[in-house]
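Reading the structure
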Amino acid sequence: MGKSQKKKSMRRHNPMRVPDSHLPKGLASASSTSTKNEAILPIIQKMEGPDASDRKWACVAVSNLIQNDSSTRRLLQGKNVVGALITRLTDSEDEVVLEAMGALRNLCIDGGYDICAEMYNKNILTILKTFIPKISNILSQYLEAPKTAPANAQRLVYDFADNVITTLWCLSETSNKALNAINSINLIPFLMSFLASRNKLSIAPVLAAAQCLYVLTDDNDSASVSLKSNAEYISCLLSIAQSPNQPANGKSKDINDHRLITLRCSIYLLTPFVGILRNISPLPQPSAASIVDIDKDITLPLLQPVISSVKLPEIASRAQQLVDGLALEPQIEKMSLKNTPKSDHKSSSEVELEQLEANLRTVQLALEILTGVCATLPDPSAGIEGETEIEDEDEDMADDDEGWSICFFNILLPIFQSVIDETNIEDSGHNNDSANPTVLPSLVPSLLSSIQPTSLSFPPLATSSIHPPTTTALSAIHISAMECLNNIFLSLATSPSPSVSADAEGGCKVWNEVWASLGVVGTELGLGQERRKEMWEIGVGVLWGLALVWKGTLSATEEQIQVLIRYCDGASDEITKVKCIGALECLAQYPHSITSNQVIANYLLTLLPTPSSPSPAGVESLIQAVSALIDIYSDETLPYDINFRQGDMLQTLVASVENVRKAVKRIDRRKPGGKDLRRRGEEIRDNLVAFIQYRRNLGLQN
């Protein structure tokens, strides 16, 4: 059972704000599903026209048209709107540049990876680099002498800086190539200048700078070292995190700026700062900052109230009301070009929807950070890296494509079988010792509330969400909360807490809450329902963790067992199958449920090879199934052992030995993770032979 960790192959923390996976590919489909086809051509034409006011209007129109509309966004992409907007960043008119930057920022946020990658490939960073010193100079002038600063200084410092920083933030999550290019810009001093001046600025650029810094320091030594090497930067971050009640002053050109009203003087502003401190921990020694226990003194005290205070059903209900109200407002495509609203014009419903989304994203970020806090398992591969030899027997391995995910499999700890999920174990530099299992259960009630889906958490099966930004934020919260639970119960299984293990009633309650969540998520996991699928993949790991912590005292219903079996059979990856088998293994060891034990054991036997046929499962699933059967029937005194004897399971195991041996021998140690998987397979193969001999020696009759 692996910990949920941040993926290194795809750096983006936030999912696409307005997903389009439910739409068919191609411009034809985008055209057929968009209601704004007629507006596209005038926009492209005016964006390249001689009149500056037309060019400005076209940039504003892009922002308006793509709002919550993935079809129109894709249609604009097909007309090279990204390239046209990048060209406008060098326009002779400042207002055109400002609006083009805002449109690009909105495209980044709404469109995700594809648009960000297109911007990077079209060399947007070359232009963005030129904006950094310009913004810095005007920021200095504005802070030192506001009255003598340029007339548009406030807008440059607030809106333009916010848009540039947010775009850089999104680009840094696109690929390692883009991240390396942004590292070369050395953004740290620029971003820290906003944080240092937070009490004199609007919340928007400060929050954007904090979010960007959080992403840049995540598993990125270049930015982390640059930040850690400056004592003033560390002092600034700590002062913010350790002063939650310190007011964040700021001025806004609009008293209704929800980013200012919502977050000023609020703990929500602290969330990215906490994440930054965790990313760069441990802090340099010797210094006063190095004695601060980031997790114990800062992360848990500040972030637990964030997740415990949110009421997701109320937010979803309010969002539904606001969306219904928007239907009564005039639509942008019905307005004339002359009367198109300014880019910063929003109705009260739109403002409140954005406010709700901002709060949800903050909760999501808090949960993402807490996922790391909950990941306390030491690296099981430590101390075994010295083995590099490859035995001669590997030369006769079959070159068959069985879809093994061996790069995710690692040595299983003595306490239980564990699979490492998609990434490496969290760097031991984090102060994980402080987040011990005796503290972690206090997070569970809030996390259980956060995994319960609302009416807007996932798009309907036949169409898109009524408000995609709210839906993606809600589903991201559910997934992050499930990841936290996964890591919590992995930690408890690794370092058992007697008081937790003894609370069988509490374990049953958590078990039922997780199943209630997955029941609402449902099993319709087709196109456009990727987040539902992700909930199940992580949720099965949580079920395994729960079953481990309360092994022998936790029972499952017949329906739950059948769901796990069906999900295991239908899973496309080995990791998910192993999680299902691991959960079933633990459930089979409930002493008073002989029938459930029989159902699970019979299923596990179907995964074994026979003398005439190989295993229908992948090698990882096979190893886990063999290990599970050995563990289940290792104590012949338990009531359910009668199933082993009456089912003649010993003979089935005997018949599988030779093909189990062959399957283990075919594991390629030269592939990533193959050495650990091979070692584990050989261990289970030997255990199988020893177990068969043990059961024979018992001489028990049916």
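Residues numbered from 1 in each chain as written. Predicted model: local features only at pLDDT ≥ 70, side-chain atom pairs only at ≥ 80, totals over all residues. Heavy atoms only, no water.

What follows concerns the overall build of the protein chain. Looking only at helices and strands, one finds 31 helices and 0 strands in the protein chain. Considering only intrachain contacts with a sequence separation of at least 6, the fraction spanning at least 24 residues in the protein chain is 81%. Put simply, the protein chain shows about 29100 Å² of open surface, and 51% of that area lies on carbon and sulfur atoms. (Helix = DSSP H or I, 4+ residues; strand = E, 2+ residues; numbered from the N terminus. Contact = heavy atoms within 4.5 Å. Areas by Shrake-Rupley, 256 points an atom, 1.4 Å probe, with all protein chains shown as cover.)

Further remarks concern the environment of proline 496. Assignment of secondary structure puts proline 496 in the loop between helix 21 (468-494) and helix 22 (498-501). You can call proline 496 exposed: its relative accessible area is 52%. For the pair formed by proline 496 and valine 549, sequence separation is 53 residues and the distance between their alpha carbons is 7.4 Å. (Buried < 20%, exposed > 50% of the residue type's maximum accessible area, 1.4 Å probe, protein only.)

With respect to the element layout, threonine 494 can be found in helix 21. Separated by 2.7 Å, the side chain of threonine 494 and the backbone oxygen of leucine 490 make a polar contact. (Polar contact = N/O pair within 3.5 Å; in protein donor to acceptor, adjacent residues only side chain to side chain.)

Let's shift gears to the environment of isoleucine 66. Along the chain, isoleucine 66 turns up in helix 3 (residues 52-66). Classification of isoleucine 66 by relative accessible area gives buried; the value is 0%.

A word on the packing of aromatic side chains. Remark: the centre distance and the inter-plane angle together describe each pair of aromatic rings, the angle taken between the planes. As enumerated under the stated definition, the model contains 10 aromatic pairs in all. When the ring of tryptophan 515 is compared with that of tryptophan 536, the centres are 6.3 Å apart and the planes differ by 75 degrees; the resulting orientation is edge-to-face. Here tryptophan 515, found in helix 23 (residues 504-521), pairs with tryptophan 536, found in helix 24 (residues 530-549); they are 21 residues apart in sequence, far enough to count as distant. Taking the relative accessible area as the measure of exposure, tryptophan 515 reaches 10% and is therefore buried. (Phe/Tyr/Trp six-rings, centres within 6.5 Å; stacked < 30°, edge-to-face > 60°.)

Another aspect to go through is the packing of helix 16 (residues 270-280) against helix 17 (residues 294-309). A pair of packed helices is captured by two measures, namely the crossing angle of their axes and the spacing between those axes. In the contact formed by helix 16 and helix 17, the axes pass within 10 Å of each other and the chain directions differ by 150 degrees. With respect to helix 17, the element helix 16 is oriented roughly antiparallel. When the axes of helix 16 and helix 17 are compared, the crossing they make is left-handed. Contacts from Leu270, Thr271, Val274, Leu277 and Arg278 of helix 16 reach helix 17 at Ile294, Asp295, Ile298, Thr299, Leu302, Leu303 and Val306. Along the lines of polarity and charge, the residues of the contact of helix 16 with helix 17 split into 8 nonpolar, 2 polar and 2 charged. (Axes fitted to C-alpha atoms, helices over the stretch in contact; angles between N-to-C directions. Parallel < 35°, antiparallel > 145°, perpendicular 65-115°, else oblique. Left-handed = near helix turned anticlockwise from the far one by under 90°. Nonpolar A, V, L, I, M, F, W, Y, C, P; charged D, E, K, R; others polar.)

This part covers the packing of helix 13 (residues 221-228) against helix 14 (residues 231-241). Between helix 13 and helix 14, whose axes approach to 6 Å, the crossing angle comes to 90 degrees. When the axes of helix 13 and helix 14 are compared, the pair comes out roughly perpendicular. Across from Ser226, Leu227 and Lys228 in helix 13, the residues of helix 14 making contact are Tyr233, Ile234 and Leu237. A per-class count over the contact of helix 13 with helix 14 returns 4 nonpolar, 1 polar and 1 charged.

Moving on, we come to the confidence of the model for the protein chain. It should be kept in mind that the predicted coordinates are not to be read in detail where pLDDT is low. The pLDDT averaged across the protein chain works out to 81; a share of 78% of its residues lies at or above 70. Overall, residues 245-265 carries pLDDT values under 50, and its contacts beyond four positions in sequence, including any with other chains, amount to 48 contacts. Throughout residues 377-434 the model reports pLDDT below 50, and contacts reaching past four residues in sequence, or to other chains, amount to 143 contacts. (pLDDT = per-residue confidence, 0-100.)

All right, on to helix 16 then. Within helix 16, 11 of the 11 residues are buried, which leaves it mostly tucked inside the rest of the structure. Taken together, the buried positions of helix 16 are Leu270, Thr271, Pro272, Phe273, Val274, Gly275, Ile276, Leu277, Arg278, Asn279 and Ile280. Where helix 16 is buried, its residues contact helix 11 (188-196), helix 12 (203-216), helix 13, helix 14, helix 17 and helix 19 (348-374).

On to the side chain of serine 457, then. With respect to the helices, strands and loops of the structure, serine 457 is situated in the loop between helix 20 (444-450) and helix 21. With a relative accessible area of 0%, serine 457 lands in the buried category. Within polar-contact distance, the side chain of serine 457 engages the backbone nitrogen of threonine 454 at 2.7 Å. Within the local environment of serine 457, its side chain forms a polar contact with the side chain of histidine 478, the two groups lying 2.6 Å apart. Apart from the residues within four sequence positions on either side, serine 457 is in contact with Thr471, Leu474, Ser475 and His478.

A cis amide bond links serine 281 to the next residue, proline 282, at an omega of 5 degrees. Although it is not a glycine, asparagine 80 sits at a positive phi angle of roughly 60 degrees. With respect to the helices and strands, asparagine 80 occurs in the loop between helix 4 (70-78) and helix 5 (81-88). The exposure class assigned to asparagine 80 is partly exposed, which follows from its relative accessible area of 36%. Phi at asparagine 186 is positive, roughly 60 degrees, even though this residue is not glycine. The topology assignment puts asparagine 186 in the loop between helix 10 (176-183) and helix 11. Residue classification places asparagine 186 among the partly exposed residues on the basis of a relative accessible area of 43%.

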